[in-house]
Amino acid sequence: FTLDPYTDNSIFEIDWIGTSPRFRRKGIATKLLNRAEKLCHIQHHARGMQVGTSSNSELAPARAFYIRRGYIELGIIKNYYALKEHLHIYRKELQK
């Protein structure tokens with residue numbers, strides 16, 4: 001994760017999170033995300049975490065994962081990665 005330099009230093013962006021197919025559905029990504037959220041909130045006083053992912057059908061499980069974890073879709077940038085492959089942007093407000 002990285003600090004979004006265009007905010008008031010309180011929004012962190014998740015650059016990449018993923019697990020190897022053979023380790024999926026074991027709670028690893030959830031533990032990684034929980035740790036990142038906690039670290040950003042406690043040590044850096046973050047008010048939110050943000051992530052972007054592709055509309056590619058192979059990434060549907062990733063989009064569902066973020067929604068299950070409380071991330072809200074803020075918007076879609078059409079044709080971001082390629083024609084007909086859009087960027088979905090999600091954010092989660094962290095507890096005060």
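No experiment lies behind these values; they were computed from the predicted model shown. (Residues numbered from 1 in each chain as written. Predicted model: local features only at pLDDT ≥ 70, side-chain atom pairs only at ≥ 80, totals over all residues. Heavy atoms only, no water.)

Q: Before we move on, could you go through the overall build of the chain and cite the residues and values that matter?
A: When you go through the chain residue by residue, the secondary structure sums to two helices and five strands. Listing every helix and strand of the chain by position from the N terminus yields β-β-α-β-α-β-β. For 96 residues, the compact-globule estimate of 2.2 N^0.38 gives 12 Å, and the chain sits close to it at 14 Å. The dimensions of the chain, computed from C-alpha atoms along their principal axes, are 35 × 35 × 20 Å. Considering the chain as a whole, with its 96 residues, one finds that 31% of them fall into the buried category. Across the chain, contacts joining residues at least 24 apart in sequence account for 55% of those joining residues at least 6 apart. (Helix = DSSP H or I, 4+ residues; strand = E, 2+ residues; numbered from the N terminus. Rg over C-alpha atoms; globule rule 2.2 N^0.38 Å. Buried < 20%, exposed > 50% of the residue type's maximum accessible area, 1.4 Å probe, protein only. Contact = heavy atoms within 4.5 Å.)

Q: Talk me through the environment of A82; I want residue IDs and the actual numbers.
A: Tracing the backbone through its elements, the reader meets A82 in strand 4 (residues 72-82). For the pair A82 and S54, spaced 28 residues apart in sequence, the C-alpha to C-alpha distance is 9.9 Å.

Q: How would you explain the pattern of salt bridges if you had to name every residue and give the values?
A: Here the structure, examined in full by the defined rule, presents two salt bridges. Of the charged contacts, one joins R69 and E37 as a salt bridge, the two residues approaching to 3.2 Å between their closest N and O atoms. Taken as a pair, R69 in the loop between helix 2 (60-68) and strand 4 and E37 in helix 1 (residues 28-44) lie far apart in primary sequence, 32 residues in all. Look at R69 and you get buried, because its relative accessible area is 17%. Classification of E37 by relative accessible area gives buried; the value is 7%. One salt bridge connects E37 with K92, and the closest N-O pair in it is separated by 3.2 Å. With E37 in helix 1 and K92 in strand 5 (residues 85-93), this pair connects stretches of sequence that are 55 residues apart. K92 sits in the buried class, given a relative accessible area of 16%. (Salt bridge = Lys/Arg side-chain N within 4 Å of Asp/Glu carboxyl O.)

Q: Account for the packing of aromatic side chains, with residues named and values stated.
A: Enumeration over the complete set of coordinates arrives at four aromatic pairs. Ring centres of F65 and Y66 lie 5.3 Å apart, and the angle between their planes is 65°; on these two criteria the pair is classed as edge-to-face. Each of the two residues, F65 as well as Y66, counts as buried. An aromatic cluster is present here, built from F65, Y66, Y71 and Y90 joined pairwise through their rings. (Phe/Tyr/Trp six-rings, centres within 6.5 Å; stacked < 30°, edge-to-face > 60°.)

Q: Could you give an account of the sheet that holds strand 4, with specific residues and numbers?
A: Overall, mixed pairing links the five strands, which are arranged 1-2-3-5-4 in an open sheet. Of all strands in the sheet, those bounded by a partner on one side alone are strand 1 (2-3) and strand 4. With seven bridges joining them, strand 3 (residues 48-54) and strand 5 adopt antiparallel strand pairing. Opposite G48, over in strand 5, you have E93 as the bridge partner. Each of strand 2 (11-14), strand 3 and strand 5 touches helix 2; the most contacted strand, strand 3, lies at about 160° to it. (Pairing = 2+ DSSP bridges. Axes fitted to C-alpha atoms, helices over the stretch in contact; angles between N-to-C directions.)

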